[in-house]
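Coordinate analysis (summary)
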Amino acid sequence: MSVSLEELAARLTEGAEELRLEHLPRPGVVHEAVERLRSLLFPAGDAETNALAVLREVRAEMVVQVGRALDFARVRALPQTSQPHPRYNTPEALVDAWLERLPQVRRMLELDAQAAYEGDPAATSPEEVACCYPGFLAIAYHRLAHELYRLGVPLVPRAISERAHSLTGIDIHPGAQIGERFFIDHGTGIVIGETAVLGRGVSLYQGVTLGAKKFELDEHGNPVKGVPRHPILEDGVIVYAGATILGRVTIGRGSVIGGNVWLTESVPPGSKITHSSEKI
């Protein structure tokens, strides 16, 4: 080697404090905690059934990880969109508020599983959906991550959503607002941006992108955070495989967007779009 191991170690540790990666939440711990909650909400096979024990352990683990995230946010002075809800000023209060939402999350997921069963002729039961479908797994992770996002917890929601992304190929930002009876069919390659809003009974097929058309920049040329920039899909919208919808546009209630359509403008309720330039 042209340099000694001692010199190499010194170079690698230079700037470590600046990056402060060692102070971030531990993604593996977060992933394990969320998976235990998911198994608690929808137990299968020999999954743990001692709900109280699971909740106690998950609470203890997540209090530590949320605390790390809050410390990092303070050190780095993250933007206001990454600040916790003022009503909850401790990691314990934030985690407790999150856990209290679990019954509502399970109700939403039960409706999602039912919607998938009704929307997919190949599904034999809602239980099969909950057990086997990657789209349902992505939705479950998202609904848990979104509740933390709503509470203003930094970093941890994104760790959850990226775990789902790596497992399923479905990329849903934890900030996306998604109504009940959400159905993802096949799912691989779906992207849903941070400020997207999806109403009740929306269905998406593989390869759909709900993205941003452009970014607003501040006086220093940096992207402005938290600005609505992704589509709104009203109740009952269906978007078929490979379609791309960009910008803060509204797809009216009950509309059908065909496969591979490129759409950058709003369409009224009941529209059927089969080509990028066509409105019926």
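Reading the values: the criteria
Residues numbered from 1 in each chain as written. Predicted model: local features only at pLDDT ≥ 70, side-chain atom pairs only at ≥ 80, totals over all residues. Heavy atoms only, no water. Helix = DSSP H or I, 4+ residues; strand = E, 2+ residues; numbered from the N terminus. Expected span 1.5 Å × (residues − 1). Buried < 20%, exposed > 50% of the residue type's maximum accessible area, 1.4 Å probe, protein only. Contact = heavy atoms within 4.5 Å. Phe/Tyr/Trp six-rings, centres within 6.5 Å; stacked < 30°, edge-to-face > 60°. Pairing = 2+ DSSP bridges. Axes fitted to C-alpha atoms, helices over the stretch in contact; angles between N-to-C directions. Parallel < 35°, antiparallel > 145°, perpendicular 65-115°, else oblique. Left-handed = near helix turned anticlockwise from the far one by under 90°.

A separate point is helix H3 (residues 27–41). With 15 residues, H3 extends 21 Å between its outermost C-alpha atoms, agreeing within 8% with the 21 Å of an ideal straight helix rising 1.5 Å per residue. Every buried residue of H3 is listed here: Val 30, His 31, Ala 33, Val 34, Arg 36, Leu 37, Arg 38, Leu 40 and Leu 41. For H3, the elements touching its buried residues are helix H4 (51–76), helix H5 (91–99), helix H6 (102–119), helix H7 (126–132), helix H8 (134–150) and helix H9 (156–168).

Another point: the packing of aromatic side chains. According to the stated counting rule, one finds two aromatic pairs in the structure shown. With a centroid separation of 5.4 Å and an interplanar angle of 90 degrees, the aromatic rings of Phe 42 and Phe 136 are classed as edge-to-face. You can see Phe 42 sitting in the loop between H3 and H4 and its partner Phe 136 sitting in helix H8, a full 94 residues away along the chain. For Phe 42, a relative accessible area of 21% translates into the label partly exposed. For Phe 136, a relative accessible area of 4% translates into the label buried. On the numbers, 4.8 Å between centres and 25 degrees between planes, the contact of Tyr 205 with Tyr 240 is stacked. Taken as a pair, Tyr 205 in strand S6 (residues 203–205) and Tyr 240 in the loop between strand S9 (238–239) and strand S10 (244–246) lie far apart in primary sequence, 35 residues in all.

The next subject is the sheet that holds S10. What the five strands build is an open sheet, ordered S1-S4-S7-S10-S13; its pairing is parallel. The open sheet has two edge strands with one neighbour each: strand S1 (171–172) and strand S13 (262–263).

Let's shift gears to the packing of H3 against H4. In the contact formed by H3 and H4, the axes pass within 10 Å of each other and the chain directions differ by 155 degrees. As judged from the angle between their axes, H3 and H4 are roughly antiparallel. Here the hand of the crossing between H3 and H4 comes out left-handed. Contacts from Val 29, Val 30, Ala 33, Arg 36, Leu 37 and Leu 40 of H3 reach H4 at Ala 51, Val 54, Leu 55, Glu 57, Val 58, Glu 61, Met 62 and Gln 65.

What follows concerns the environment of Ala 97. Structurally, the position occupied by Ala 97 is in helix H5. When the C-alpha atoms of Ala 97 and Arg 181 are compared, they prove to be 24 Å apart, with 84 residues separating the residues in sequence. Ala 97 has contacts with Tyr 88 and Leu 151, leaving out every residue within four places of it along the chain.

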